[in-house]
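Residue-level listing of the chains:
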Amino acid sequence: MAEPFSMAKILDWRMDLEETARLTVTQLQARLRLENQQLQSLITENIKVKNEHIHSKQIHSLRYNDYYKNVITEQIIQQKNQIDSTLADIQSAQKNLVQTYSDRKIMDKLKEKELTTYYQNERRREQMELDDIATMNYKRRVF
């Protein structure tokens, strides 16, 4: 019967942290895709507005069009800032993921080392028992 890993709960906790970090990165990447789609739709709308009223000569229409273009431009700037923020969050989450992955790998190596040591000790103990049995059998034959 193998001795359980003495830090099994810590290893499980590290695995949970790694899975949480991986999930966070995935969610942030999905958010980035949505934000990029929003940005593209804003850019498309901006181009559409610029092209629609290019030949208009009515002052109210031109003022409204200019105001609307300014609003869309401001939204584009805000969306780009939001994308930059999300990119920074993704980088931070990826660094966290790499750290949690390396922490878990360290714990895995520690587990392997502990199991190897345990099996070596078991082999030594069994060998000592076999040596004792052999010695007892030899003593019975000789004496």
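The structure this text deals with has already been given above.
Rules used throughout
- Within any chain, residue numbers begin from 1 and follow the written order of that chain's sequence.
- Where totals are concerned, whole chains, interfaces and linings use all residues; where local detail is concerned, this predicted model gives features only for residues with pLDDT of at least 70, and gives and counts side-chain atom pairs only at 80 or more.
- Side-chain measures here rest on the full set of heavy atoms in the structure, leaving out hydrogens and waters.
- Only residues whose relative accessible area exceeds 30% and that form no salt bridge enter a patch; like-charged residues are grouped when within 9 Å of one another, and nonpolar side chains (Val, Leu, Ile, Met, Phe, Trp, Tyr) when within 5 Å.
- Note on areas: Shrake-Rupley with a 1.4 Å probe; residue coverage comes only from the protein chains shown.
- We define a salt bridge as a side-chain nitrogen of Lys or Arg found within 4 Å of a carboxyl oxygen belonging to Asp or Glu.
- Here a strand is any run of E in DSSP of at least two residues, a helix any run of H or I of at least four, and the numbering for each starts at the N terminus.
- In this scheme Phe, Tyr and Trp rings, the latter by its six-membered ring, pair at centre separations within 6.5 Å, and the angle between planes marks the pair as stacked below 30 degrees, edge-to-face above 60, and tilted otherwise.
- Three labels apply to residues, based on accessible area from a 1.4 Å probe with only protein chains included: buried if under 20% of the type maximum, exposed if over 50%, partly exposed otherwise in between.

In this section: a nonpolar patch on the surface. Taken together, the side chains of Met7, Ile10, Trp13, Leu17 and Leu110 define a hydrophobic patch exposed on the protein surface, amounting to about 410 Å² of accessible area. If one sorts the elements of the nonpolar patch by residue count, helix α1 (residues 8-52) sits on top with three residues. With respect to the helices and strands, methionine 7 occurs in the segment before α1.

Looking now at the packing of aromatic side chains. Scanning the entire structure with this criterion turns up two aromatic pairs. Relative to tyrosine 68, the ring of tyrosine 64 lies with its centre 6.1 Å away and its plane at 5 degrees, an arrangement referred to as stacked. Note that tyrosine 64 and tyrosine 68 are positioned in helix α2 (residues 59-142) at a spacing of four residues, about one turn of the helix. Assessed through its relative accessible area of 28%, tyrosine 68 is described here as partly exposed.

Within the element layout of this structure, glutamate 52 appears in helix α1. Residues glutamate 52 and asparagine 65, spaced 13 residues apart in sequence, show a C-alpha to C-alpha distance of 9.1 Å.

The full count for this structure, using the stated rule, is nine salt bridges. Note that arginine 31 is salt-bridged to glutamate 35, the shortest N-O span being 3.6 Å. Of this pair, arginine 31 and glutamate 35 both sit in helix α1, four residues apart, roughly one helical turn. For glutamate 35, a relative accessible area of 7% corresponds to the buried category. Across the salt bridge formed by arginine 125 and glutamate 122, the nearest N and O atoms sit 2.8 Å from each other. Placement of both arginine 125 and glutamate 122 in helix α2 is noted, with a separation of three residues, approximately one turn of the helix. Classification of arginine 125 as partly exposed rests on a relative accessible area of 37%. Put simply, Glu18, Glu19, Arg22, Arg104 and Asp108 are held in one network by salt bridges that share partners.

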